[in-house]
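Examination of the molecular architecture
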Amino acid sequence: CVLAGPWALGLLVDAVAEGAGPRGVLVPAAVIAGAALAGGVLSALESVLLARTGETVLARLREAVMRRAMRLPEEELSRLAPGDLLSRVGDDVAETSEVVRERAPLVLTSLVLVVMALGGMAALDWRLGLAGACALPVHALALRWYLPKSAPMYARQRAQLGERAQALVGTLQGAATVDAYRLRERRTALIAERSAAARDTEVGVFRLFTRFIGGMNAAEFVGLAMVLAVGFWLVAADSATVGA
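For every chain, the first residue of its written sequence is number 1, and the numbers climb from 1 along that sequence. For a predicted model such as this one, the threshold for reporting local features is a pLDDT of at least 70, and the threshold for listing and counting side-chain atom pairs is 80 or more; totals across whole chains, interfaces and linings nevertheless cover every residue. Note that water and hydrogens are dropped before the side-chain values are worked out from all heavy atoms of the structure.

All right, on to the overall build of the chain then. Broken down by element type, the chain carries eight helices and zero strands. In sequence order, the secondary structure elements of the chain are arranged as α-α-α-α-α-α-α-α. Since a compact globule built from 244 residues should have a radius of gyration of about 18 Å, the 27 Å found for the chain marks it as more spread out than a globular shape. Projected onto its principal axes, the C-alpha positions of the chain cover 90 × 35 × 30 Å. Burial classes: relative accessible area under 20% of the type maximum marks a residue as buried, over 50% as exposed, and values in between as partly exposed (1.4 Å probe, protein chains only). For the chain, the proportion of its 244 residues judged to be buried stands at 23%. By definition in these notes, contact holds between two residues if any of their heavy atoms fall within 4.5 Å. Considering only contacts within the chain whose residues lie at least 6 apart along the sequence, 75% involve residues at least 24 apart. Strands are runs of DSSP state E lasting at least 2 residues, helices are runs of H or I lasting at least 4, and numbering of each runs from the N terminus. It is over C-alpha atoms that the radius of gyration is taken, and the globule rule equals 2.2 Å times the number of residues to the power 0.38.

Further remarks concern the environment of Gly 170. With respect to the helices and strands, Gly 170 occurs in helix 6 (residues 135-173). Taking the C-alpha atoms as reference points, Gly 170 and Ala 38, separated by 132 residues in sequence, lie 54 Å from one another.

Turning our attention to the environment of Val 65. In this structure, Val 65 sits in helix 2 (residues 22-70). Taking the C-alpha atoms as reference, Val 65 lies 48 Å from Ala 131; in sequence the two are 66 residues apart. Discounting chain neighbours no more than four positions away, the residues touching Val 65 are Val 89 and Val 93.

pLDDT is a per-residue confidence score from the predictor, ranging from 0 to 100. Overall, the predicted model of the chain reaches an average pLDDT of 89, with 100% of residues at or above 70. When pLDDT is averaged over each helix and strand of the chain, the minimum, 78, is found for helix 3 (residues 74-79) and the maximum, 95, for helix 8 (residues 184-236).

Bringing the pattern of salt bridges into the picture now. The rule for a salt bridge is simple: a side-chain nitrogen of Lys or Arg has to be within 4 Å of a carboxyl oxygen of Asp or Glu. All told, the structure shown has four salt bridges when counted by the stated rule. In this structure, the salt-bridge partner of Arg 199 is Asp 200, at a minimum N-O distance of 3.0 Å.

Mapped onto the fold, Thr 201 is located in helix 8. Not counting chain neighbours up to four residues away, the residues in contact with Thr 201 comprise Met 153, Arg 156, Gln 157 and Gln 160.

This part is about unusual backbone geometry. Glycine aside, negative phi is the norm for most residues, and most peptide bonds take the trans geometry. Positive phi is not limited to glycine here, since Arg 182 has a value of about 55 degrees. Looking at the secondary structure, you find Arg 182 in the loop between helix 7 (175-180) and helix 8. A positive phi angle is found at Asp 238, which is not glycine, with a value near 55 degrees. Structurally, Asp 238 is set in the segment after helix 8.

Moving on: the nonpolar core. Residues Ala 142, Tyr 146, Met 153, Val 205, Leu 208, Phe 212 and Met 216 constitute the largest nonpolar core, which totals seven residues. Only helix 6 and helix 8 provide two or more residues apiece to this core. The dominant element in this core, judged by the number of residues it contributes, is helix 8, at four residues. In contact with Phe 212, other than residues within four places in its own chain, are Ala 142, Leu 143, Trp 145 and Tyr 146. Only buried residues count toward a nonpolar core, which is a set of Ala, Val, Leu, Ile, Met, Phe, Trp, Tyr and Cys residues joined through side-chain atoms within 4.5 Å. One finds Leu 128, Ala 131, Leu 234 and Ala 240 within the second-largest nonpolar core, a separate group that totals five residues.

Another aspect to go through is the packing of aromatic side chains. For this analysis, a ring pair means two rings from Phe, Tyr or Trp (six-membered ring only for Trp) whose centres lie within 6.5 Å, classed as stacked if their planes differ by under 30 degrees, edge-to-face if by over 60, and tilted for the remaining angles. One pass over the structure, following the stated rule, counts three aromatic pairs. When the centroid spacing of 6.3 Å and the interplanar angle of 65 degrees are considered together, the rings of Tyr 146 and Phe 209 count as edge-to-face. On the criterion of sequence distance, the pair formed by Tyr 146 in helix 6 and Phe 209 in helix 8 is long-range, its members being 63 residues apart. Between Tyr 146 and Phe 212, the aromatic rings sit 4.4 Å apart at their centres with planes inclined by 20 degrees, giving stacked as the arrangement. You can see Tyr 146 sitting in helix 6 and its partner Phe 212 sitting in helix 8, a full 66 residues away along the chain.

A few words on the layout of surface pockets. Its boundaries defined by the atoms lining it, the second largest pocket holds a volume of some 490 Å³. A 1.4 Å probe that fits but cannot get out identifies a cavity on a 1 Å grid over protein atoms alone, an open set with protein on both sides within 12 Å along at least five of seven lines counts as a pocket, and a residue lines either if it has an atom within 4 Å of a point. In terms of lining residues, the second largest pocket is bounded by 14 residues, among which Cys 1, Val 2, Ser 43, Glu 46 and Thr 109 are the most central. Elements represented by at least two residues in the lining of the second largest pocket include exactly helix 2 and helix 4 (82-124). Looking at the lining of the second largest pocket, the element that brings in the most residues is helix 4, giving six residues. Grid points are joined across faces, edges and corners, and a volume is the space filled by probe spheres set on the points.

Listed below in structure tokens is the structure:
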């Protein structure tokens, strides 16, 4: 449905350029409206199915994590910090939730859309397909730069969230001891220090990601510029229409 709109818009442009009558204009316009309506209905259906499937998967995941944690040997549990365990059951499962519900479907949809879009451009004119494909090497370079840098940062972020949770849980569990030994300021400073470390890493992750998005935008610019340049050349040589 996403690809039907631009295709019909091209037909509409060519119909107007050729001085077509009302029918030549209304049919592509109807296709655009129908594609938009169908796309909205399908997107709503997608959201329902993703929510139903994703929540079922996540419920099973939480149950599996809890079962595994409850069956850990006593000596292994004693080596684990409560905050680390809490971070895995809470924060890590929340991250998995976001992947299942949003990121994995987005990646799959994007891959399908890229293949279909390049195929559609090549079907219109193989030179337009090649022009659009010029964006792919820039995408690949951006990914090659981003992935090795981001993985250690995300790993450090998960560890720091566990340390922050441990500081909070340990302080709350031992509140009476903290008060008895007048450790409130020290524990508060520890929580603030670990919270600040987690925050700084989060900001660093976000900065790295925005630079990666800049690379993605550069790829889109290269692809669009190449399509426009090749399209201008093809139209000037009467090898393609403006609508195409």
